[in-house]
Amino acid sequence: MRIKKLLAGLALSGLVISMAACSSGGSSGGASTASGGKDGDFSGHGPITYVQGKDNAAKMQGLLDKWNEKHPDEKVKYIELSTSADEQRQAMINNAQTKSDAFCVESVDVVWVGEFAAHRMLMPLPKDQFPEDKFFGPVWQTGLYRDNMYAVPFSSDGAMLYYRSDFLKEAGITEPPKNWDEMKTQCEAVRKLPGHENIGCYGGQLAKYEGATCNISEAINAGGGVFFDKDGKAKVNSAEAEKGLDYLVEGFKSGFIPKEALTYKEEEGRAAFEAGRVLFYRNWPYQYVLNEKAIPGKFGVAPLPAMGDHPGASTLGGHNVGISSYCKNKATALDFVKWFSSEESQQYLLKEESLAPVYDKLYTDPENIKQYPYLPTLAESIKNAVPRPQVAKYGDVTAAIQDAIYPALQGEKSSKDALEDLQKKLESLKD
Ligand code: GLC
């Protein structure tokens with residue numbers, strides 16, 4: 001409901017390239033792509049590549065091997081990029097700018113779909129060849145740009161709160177915190193224990209990159225703030241946004257969030273959590289299997305804690321597979337995309353990598369719930385997740401968010417001043 005309202009509101013804006021709500025301007029009418037090929041022209045069988053960010057659980061090759069066994073003449077070669085979302089995006093942009101055929105099928109962050117589609121980096125896909133009704137919550141729409149499909153979801157992302165259950169237990173605490181106040185009280189109790197005096201209470205992805213945009217958005221949304229109002233006008237300089245952002249800004253000031261969190265991308269923070277340097281850590285579901293290996297029995301997951309009266313709401317994350325306009329063997333690529341986004345692949349990625357599926361039924365499967373008891377919680381997190389602003393100039397918007405808010409996280413500016421700066425930058429960005 002919340003998402004529908006937001007999309008409908010944003011669609012009114014000239015700045016916005018709405019996905020679901022704005023259905024004119026179809027691009028599948030046989031227009032030339034930048035590669036010189038025709039939209040809808042999926043010809044060419046043969047070897048392909050699949051490109052994504054670092055595979056932390058190191059099980060992706062196992063999935064690709066399954067394809068390769070069945071397609072000896074159309075093998076897929078795995079190209080692994082860095083762990084940083086920004087660097088992955090840049091590598092894909094560079095590939096398109098040089099019109100290289102090195103990248104064929106790409107794992108596209110939900111937040112790049114509009115931008116890549118607008119720049120014709122991706123092929124429009126035959127939407128009716130994918131089972132829309134099986135997709136879960138808001139994820140299907142993340143693959144659309146002007147009502148055409150450019151990338152098919154294969155893994156969603158909703159944030160959860162990871163906590164060190166071993167440390168809480170030592171302090172006599174059996175339930176994870178439901179809100180920020182409880183997080184504080186619980187952390188104070190843990191800090192009284194010998195050996196934990198200096199533990200960081202809370203961390204998220206707060207280095208200056210896309211992850212910070214996700215975390216900052218969550219704070220602003222949880223305070224009741226928005227980046228754009230229902231008419232699509234920048235409206236981030238509100239008391240609500242300030243209240244939400246203050247949780248992070250005051251968190252750093254008071255030492256509740258350790259300074260080192262300013263260097264955390266997903267993996268740096270996970271390392272700190274596993275090493276016991278931080279008690280509560282906000283991260284995506286992929287962390288679960290890795291924690292199970294590194295600190296079995298010593299952690300738990302819970303919904304994001306409420307901020308004041310507002311329940312914690314995750315930023316909507318996730319990855320979709322799209323086909324680069326410069327890919328050579330597009331027929332094979334399309335077959336691969338269908339298989340890669342299928343139930344079989346999602347089930348593999350859930351089991352082996354704890355990636356969040358995009359089909360409803362996998363969240364209610366009893367075997368899956370047995371392996372991952374948090375699945376119903378995650379399903380809620382994703383259903384209520386808030387998309388980041390869906391604008392063609394997303395790269396500029398996210399940079400503006402990070403540039404304006406970062407000084408506040410570093411303690412150099414108040415939340416109010418940082419939000420005023422952001423308001424001005426957002427107003428100056430036009431499509
Ligand atoms: C995860 C999310 C993605 C987000 C990124 C930020 O990969 O799925 O949507 O942009 O984290 O680091």
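Residues numbered from 1 in each chain as written. Predicted model: local features only at pLDDT ≥ 70, side-chain atom pairs only at ≥ 80, totals over all residues. Heavy atoms only, no water.

1. A closer look at the overall build of the protein chain
Point 1. Scanning the protein chain for helices and strands turns up 17 helices and 11 strands.
Point 2. Relative to a compact globule of 431 residues, whose C-alpha radius of gyration would be 22 Å, the protein chain shows 21 Å and is just as compact.
Point 3. In terms of overall dimensions, the protein chain has C-alpha extents of about 65 × 50 × 35 Å along its principal axes.
Point 4. Per-residue burial over the protein chain gives 59% buried out of 431 residues.
Point 5. Within the protein chain, contacts between residues at least 6 apart in sequence are counted, and of these 74% link residues at least 24 apart. (Helix = DSSP H or I, 4+ residues; strand = E, 2+ residues; numbered from the N terminus. Rg over C-alpha atoms; globule rule 2.2 N^0.38 Å. Buried < 20%, exposed > 50% of the residue type's maximum accessible area, 1.4 Å probe, protein only. Contact = heavy atoms within 4.5 Å.)

2. Examining the packing of aromatic side chains
Point 1. Applying the stated rule across the entire model yields 25 aromatic pairs.
Point 2. Look at Tyr50 and Phe340: their rings are 4.7 Å apart centre to centre, the planes differ by 45 degrees, and that puts the pair in the tilted class. Taken together, the residues span a long stretch of sequence, with Tyr50 in strand S1 (residues 48-52) and Phe340 in helix H11 (residues 330-340) at a distance of 290 residues. You'll find Tyr50 and Phe340 in the same group, each marked buried.
Point 3. Geometrically, the ring pair formed by Trp339 and Phe340 is tilted, given 6.5 Å between the ring centres and 55 degrees between the ring planes. (Phe/Tyr/Trp six-rings, centres within 6.5 Å; stacked < 30°, edge-to-face > 60°.)

3. Some remarks on the site of the ligand
Point 1. Around the ligand, the neighbouring residues are Ala85, Asp109, Asp157, Tyr209, Glu210, Gly211, Glu266, Trp284, Gly317, Gly318, His319 and Arg388.
Point 2. Measuring from an oxygen atom of the ligand, one finds a side-chain N or O atom of Arg388 at 2.8 Å.
Point 3. With the chains in place, 93% of the 310 Å² that the ligand exposes on its own is no longer accessible.
Point 4. Those elements that place two or more of their residues in the shell around the ligand are helix H7 (210-222) and strand S11 (317-323).
Point 5. Considering every element that reaches the shell around the ligand, the biggest residue donor is S11, with 3 residues.
Point 6. By residue class, the composition of the shell around the ligand is 3 nonpolar, 4 polar and 5 charged. (Near = heavy atom within 4 Å. Polar contact = N/O pair within 3.5 Å; in protein donor to acceptor, adjacent residues only side chain to side chain. Areas by Shrake-Rupley, 256 points an atom, 1.4 Å probe, with all protein chains shown as cover. Nonpolar A, V, L, I, M, F, W, Y, C, P; charged D, E, K, R; others polar.)

4. Some thoughts on the sheet that holds strand S3 (residues 105-109)
Hydrogen bonds between backbone atoms are what pair the strands of a sheet, whose relative direction is either parallel or antiparallel.
Point 1. Read across the open sheet, the 5 strands follow the order S2-S1-S3-S11-S6; overall the sheet is mixed. Looking at which strands have only one partner, the edges of the open sheet turn out to be strand S2 (76-80) and strand S6 (152-157). The mean angle between the axes of side-by-side strands here comes to 25 degrees, regardless of whether they run parallel or antiparallel.
Point 2. Sheet analysis places S1 next to S3, joined by 2 bridges and oriented parallel. What sits directly across from Val51, in S3, is Glu106. (Pairing = 2+ DSSP bridges. Axes fitted to C-alpha atoms, helices over the stretch in contact; angles between N-to-C directions.)

5. Observations concerning the packing of helix H9 (residues 266-274) against helix H10 (residues 287-294)
Point 1. Two elements in contact, H9 and H10, have axes separated by 11 Å at closest approach and are oriented at 35 degrees. Remark: the crossing between H9 and H10 carries right-handed chirality. Judged by residue contacts, Arg270, Phe273 and Glu274 of H9 engage Gln287, Leu290, Asn291 and Ala294 from H10.
Point 2. Here the residues of the contact of H9 with H10 sort into 3 nonpolar, 2 polar and 2 charged. (Left-handed = near helix turned anticlockwise from the far one by under 90°.)

6. Structural notes on the pattern of salt bridges
Point 1. Evaluation of the coordinates by the stated rule reveals 17 salt bridges.
Point 2. Notably, a salt bridge pairs Arg388 with Asp109, separated by 3.9 Å at the nearest N-O pair. Linking Arg388 in the loop between helix H15 (375-383) and helix H16 (394-409) with Asp109 in strand S3, this pair joins segments that are 279 residues apart in sequence. Considered together, Arg388 and Asp109 belong to a single accessibility category, that of buried residues.
Point 3. A salt bridge links Lys413 to Asp421; the shortest N-O distance between them is 2.5 Å.
Point 4. In this structure Asp421 comes out as partly exposed when scored by relative accessible area, which is 25%.
Point 5. Overlapping salt bridges bring together Asp109, Glu210 and Arg388 as one network. (Salt bridge = Lys/Arg side-chain N within 4 Å of Asp/Glu carboxyl O.)

7. Description of helix H17 (residues 415-428)
Point 1. The end-to-end C-alpha separation of H17 is 20 Å, in line with the 20 Å expected for 14 residues at 1.5 Å each.
Point 2. Turning to H17, the residues buried within the fold contact H7, helix H8 (239-254) and H16. (Expected span 1.5 Å × (residues − 1).)

8. With respect to H10
Point 1. Three or more residues of H10 are buried, namely Gln287, Tyr288, Val289, Leu290 and Asn291.
Point 2. Its buried side turned inward, H10 meets strand S7 (160-163), H9, strand S9 (278-283), strand S10 (300-302) and helix H12 (343-353).

Function cannot be inferred from these measures alone, as they are strictly geometric.
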